[in-house]
Amino acid sequence: MASHAPVWTLSTQQVYETLSTSEKGLSEAETAIRIKHYGFNELPEPARRSLLLRFTDQLTHFMALLLWVAGALAFVSGTPELGWAVWAVIWINAGFSFWQEFQAEQALTALNKMLPARAKVYRDGKLGEIPVREMVPGDVMQLEEGDRISADARLVSAQSCYVDVSVLTGESLPVARSAEPVATEKMRASESSNLVFAGSTVSAGRGLAVVYATGTQTEFGQVAHLTTTVKREPSTLEVQINSVVHVITTIALGLGVVVFLLTNLLVGMELKESFIFAIGIIVAFIPEGLLPTVTLALAMGVKRMAKRNALVRRLSAVETLSATTVICTDKTGTLTKNEMTVCRLWIPTSEITVTGIGYDPTGGEVQVPAGRMESQVKLLLAGSALCSNARLNHPAGSSQWQPPAIPLKRLCWWLP
């Protein structure tokens, strides 16, 4: 596509012309061509170290290196049993730590595959659902309340449309969106009132939008790219352990040198005997049990968090939360499940209890007393359902119900 004025300044017809599309959407043939040109609508996987290198990391951190040296010194001092025991601790600890982190990554990968994202777009003039990764610039997508937007797009039609853009701005309140062109060219795309962005959610209303950026070219993709350049810093626990190990190493080596000099110069031992005696002191001073003790303690923390449905990739990250002094959060969707469900109904003469958990419509009921009150509750629920376009979806192969825009649909599902 040729260069053009910012997409937010164009009229609806100019948007279609600039992106070489129409209100009927793209054809399947044109879509295939654009996928080859632009690539799939997905962010590249961050570069990961190979399994072998990650396992090697468990054998070469400072504490492990200290134990390798301690084991070697044990062999030199004539106590091979101690040397083999120390080295066994290193291998067992490395295997255990690696396996814990590997399991967490595999679980996260499985979760991503369980919930394949889809979007509603026009292809060959017909509205249908396609995998999000197959979206390309020029696609015309339909947006409705509760939809998650999967590409940057320009609205060409909007009816009372409000979008949650907290993933980009951190502001949880929905912002209004319209299809009217914006006259100002010198502004950031995120400030335009007629653009919607990947990662955001339609909070209310509906609209029609033309995709102009996918994958790494989206605003969200550029933010994600910045995060890949962030260097991983050691956790508080790793810093503290390294500090302790450095102190222990310094004391052990210093004590070994003092013992060697005292036994050789004052006690009168032979040079070889003094050397072996000093090595024994150094090995004895090194806490071989520190590494497995820390690992097992962290593993217990990982297990306890797993019971609460929290996955931890790195063992050392478990300790990070305990070192946190201030947490700034908007709570919803962060400390909570981001689910809103009806618990009580009010009618002029009484309150009605609604049972159930989350969005699962199969595990609850509306406890309606028999009599005239029953007809009032049914009328209330019928009106609520008619005024709502919320949906409950249960994707094949998934144990999760996809959240609706508002909780009334689940409530009406339980209506007797």
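What comes next is a walk through the structure. (Residues numbered from 1 in each chain as written. Predicted model: local features only at pLDDT ≥ 70, side-chain atom pairs only at ≥ 80, totals over all residues. Heavy atoms only, no water.)

1. Some details on the overall build of the protein
The cut-off we apply is this: Runs of H or I in DSSP of at least four residues are treated as helices and runs of E of at least two as strands, each being numbered from the N terminus. Only protein chains enter the accessibility calculation, which uses a 1.4 Å probe; a residue whose area is less than 20% of its type maximum is buried, one above 50% is exposed, and one in between is partly exposed. By definition in these notes, contact holds between two residues if any of their heavy atoms fall within 4.5 Å. What sets the accessible areas is the Shrake-Rupley method with a 1.4 Å probe; for residues, cover comes only from the shown protein chains.
Each helix and strand counted, the protein has 12 helices and nine strands in total. Counting all 416 residues of the protein, 33% fall into the buried class. Relative to all contacts within the protein whose residues are 6 or more apart in sequence, the contacts with residues 24 or more apart total 63%. Accessible surface computed for the protein: about 24,600 Å², of which carbon and sulfur atoms make up 61%.

2. Points about the pairing of strand 2 (residues 126–131)
Threshold: Strands are labelled as partners when DSSP assigns at least two bridges between them.
Sheet topology places strand 1 (residues 118–123) next to strand 2; six bridges connect them, and they run antiparallel. When the bridges of strand 2 are listed, Arg123 appears paired with Lys126. Joining the antiparallel neighbours strand 1 and strand 2 is a turn of two residues, in which Asp124 adopts a positive phi near 55°.

3. Looking at helix 10 (residues 290–307)
Since the α-helix advances by 3.6 residues per turn, residues separated by three or four positions end up pointing in the same direction. Worth spelling out the cut-off: How far a helix is expected to stretch is found by multiplying one less than its residue total by 1.5 Å. Throughout, the arc means that of the directions going from the helix axis to the C-beta atoms.
With 18 residues, helix 10 should cover 26 Å at 1.5 Å per step; its first-to-last C-alpha distance of 26 Å lies within 8% of that length. Listing the buried residues of helix 10 in full gives Leu291, Thr295, Leu298, Ala299, Gly301 and Val302. Seen from one end, helix 10 has its buried residues packed into an arc of 160°, which puts them on one side. Along helix 10, exposed side chains directed more than 90 degrees from the buried face belong to Thr293, Met300, Lys303, Arg304 and Lys307. Asn309, located one to two residues past helix 10, shows a positive phi value of around 65°.

4. Digging into the side chain of Asn93
Relative to the assigned elements, Asn93 resides in helix 5 (residues 80–114). Setting aside chain neighbours within four positions, we find Asn93 in contact with Leu291, Pro292 and Thr295.

5. A short note on a nonpolar patch on the surface
For clarity, the cut-off: Patches were defined on residues exceeding 30% relative accessible area and lacking a salt bridge, with like-charge contacts within 9 Å and nonpolar side-chain contacts (Val, Leu, Ile, Met, Phe, Trp, Tyr) within 5 Å. The salt bridge criterion pairs a side-chain nitrogen of Lys or Arg with a carboxyl oxygen of Asp or Glu, the two atoms within 4 Å.
A surface patch of nonpolar side chains, about 690 Å² in accessible area, is lined by Val257, Val258, Leu261, Leu262, Leu265, Leu266 and Val267. Tracing the backbone shows Leu262 in helix 8 (residues 236–267).

6. Topic: the packing of aromatic side chains
Given two aromatic rings, one states the distance between the centres and the angle between the planes to describe the pair. Our working definition: In summary, the pairing rule links any two rings of Phe, Tyr or Trp, Trp by its six-membered ring, whose centres are within 6.5 Å, and it sorts them by plane angle into stacked for under 30 degrees, edge-to-face for over 60 and tilted for everything else.
As enumerated under the stated definition, the model contains seven aromatic pairs in all. Centroid distance Phe55 to Phe98: 5.7 Å. Interplanar angle 85°. Geometry classified as edge-to-face. Residue Phe55 is located in helix 3 (residues 51–60), and its partner Phe98 is located in helix 5; the two are separated by 43 residues in the primary sequence. Overall, Phe98 belongs to the buried group, its relative accessible area being 19%. Residues Phe75 and Trp84 carry aromatic rings whose centres are separated by 5.2 Å and whose planes lie at 90° to one another, so their mutual orientation is edge-to-face.

7. Here's the deal with the pairing of strand 8 (residues 344–347)
Side chains Leu345 and Ile347 project from strand 8 onto a buried face, and the interleaved Arg344 and Trp346 project onto a face without burial. Bridge count for strand 8 against strand 9 (residues 350–353) is four bridges, and the pairing is antiparallel. Counterpart to Ile347 in the pairing with strand 9 is Ser350. Connecting strand 8 to the antiparallel partner strand 9 that follows it, the hairpin turn spans two residues.

8. A look at unusual backbone geometry
With a phi close to 55°, Asp124 is a non-glycine residue in the positive phi region. Inspection of the secondary structure assignment puts Asp124 in the loop between strand 1 and strand 2. For Asp124, a relative accessible area of 49% gives the class partly exposed. Residue Ser160 is not a glycine yet carries a positive backbone phi of 50°.

9. What about the nonpolar core?
Threshold: Definition used in this section: a nonpolar core is a set of buried Ala, Val, Leu, Ile, Met, Phe, Trp, Tyr and Cys residues joined via side-chain atoms within 4.5 Å.
One finds Met135, Met141, Leu143, Ile149, Val196 and Ala209 to be the most contacted residues of the largest nonpolar core, which totals 19 residues. Sorting the residues of this core by element identifies strand 1, strand 3 (140–144), strand 4 (152–164) and strand 7 (201–213) as the ones contributing at least two each. Beyond its immediate sequence surroundings of up to four residues, Leu143 is in contact with Ile149, Leu155, Val196, Val202, Arg206, Gly207 and Ala209. The next biggest cluster of nonpolar side chains, apart from the first, holds 14 residues, and it includes Leu66, Leu67, Ala70 and Ile90.

10. Comments concerning the packing of helix 3 against helix 4 (residues 62–76)
A packed helix pair is summarised by two numbers, namely the angle formed by the two axes and the spacing between the axes. How we decide: Orientation is described by axes fitted as lines to C-alpha atoms, over the contacting stretch for helices, and by angles from 0 to 180 degrees between their N-to-C directions. Oblique is the label for any angle not covered by the other classes, which are roughly parallel (under 35 degrees), roughly antiparallel (over 145) and roughly perpendicular (65 to 115). Each residue is assigned to one class: nonpolar for Ala, Val, Leu, Ile, Met, Phe, Trp, Tyr, Cys and Pro, charged for Asp, Glu, Lys and Arg, and polar for all the others, Gly among them.
Close contact between helix 3 and helix 4 brings their axes to 5 Å; oriented N to C, the two are set at 60°. Taken together, the axes of helix 3 and helix 4 lie oblique to each other. Contacts between helix 3 and helix 4 involve Gln58, Leu59 and Thr60 from the first element and Phe62, Ala64, Leu65 and Trp68 from the second. Taken together, the residues of the contact of helix 3 with helix 4 sort by class into five nonpolar, two polar and no charged.

11. A look at the packing of helix 4 against helix 9 (residues 271–285)
To keep things clear, this is the line we draw: For any helix crossing, the convention is left-handed if the near helix is rotated counterclockwise from the far helix by under a right angle, and right-handed if that rotation is clockwise.
Put simply, helix 4 and helix 9 touch, their axes get as near as 9 Å, and they point 145° apart. In the crossing of helix 4 with helix 9, the sense of the turn from one axis to the other is left-handed. Residues Ala70, Leu73, Ala74 and Val76 of helix 4 form the contact with helix 9, whose own contacting residues are Phe275, Ile279, Ile282 and Val283.

12. A few points about the pattern of salt bridges
The tally for this structure, following the rule as stated, stands at nine salt bridges. Measuring nitrogen to oxygen at the nearest pair gives 3.6 Å for the salt bridge that ties Arg118 to Glu129. Pair noted here: Arg118 is in strand 1 and Glu129 is in strand 2, with a separation of 11 residues, a long-range link. Between Arg188 and Glu191 there is a salt bridge, with its nearest N and O atoms 3.2 Å apart. Classification of Arg188 by relative accessible area gives exposed; the value is 56%. Through salt bridges with shared partners, a single network forms among Glu28, Arg123 and Asp139.

13. Looking at the environment of Thr263
Note the threshold: Nitrogen and oxygen atoms within 3.5 Å of one another constitute a polar contact, given that in protein one can donate a hydrogen and the other can accept it, and given that sequence-neighbouring residues count only through two side-chain atoms.
Among the structural elements, Thr263 can be located in helix 8. When its relative accessible area of 7% is taken as the criterion, Thr263 is described as buried. Sequence spacing of Thr263 and Glu273 is 10 residues, and the spatial spacing of their C-alpha atoms is 8.6 Å. Not counting residues within four places of it along the chain, the set of residues in contact with Thr263 comprises Gly268, Met269, Ser274 and Phe277. Reaching out from Thr263, the side chain makes a polar contact with the backbone oxygen of Val259 at a distance of 2.8 Å.

In short, the description is geometric, and any link to function would need to be established separately.
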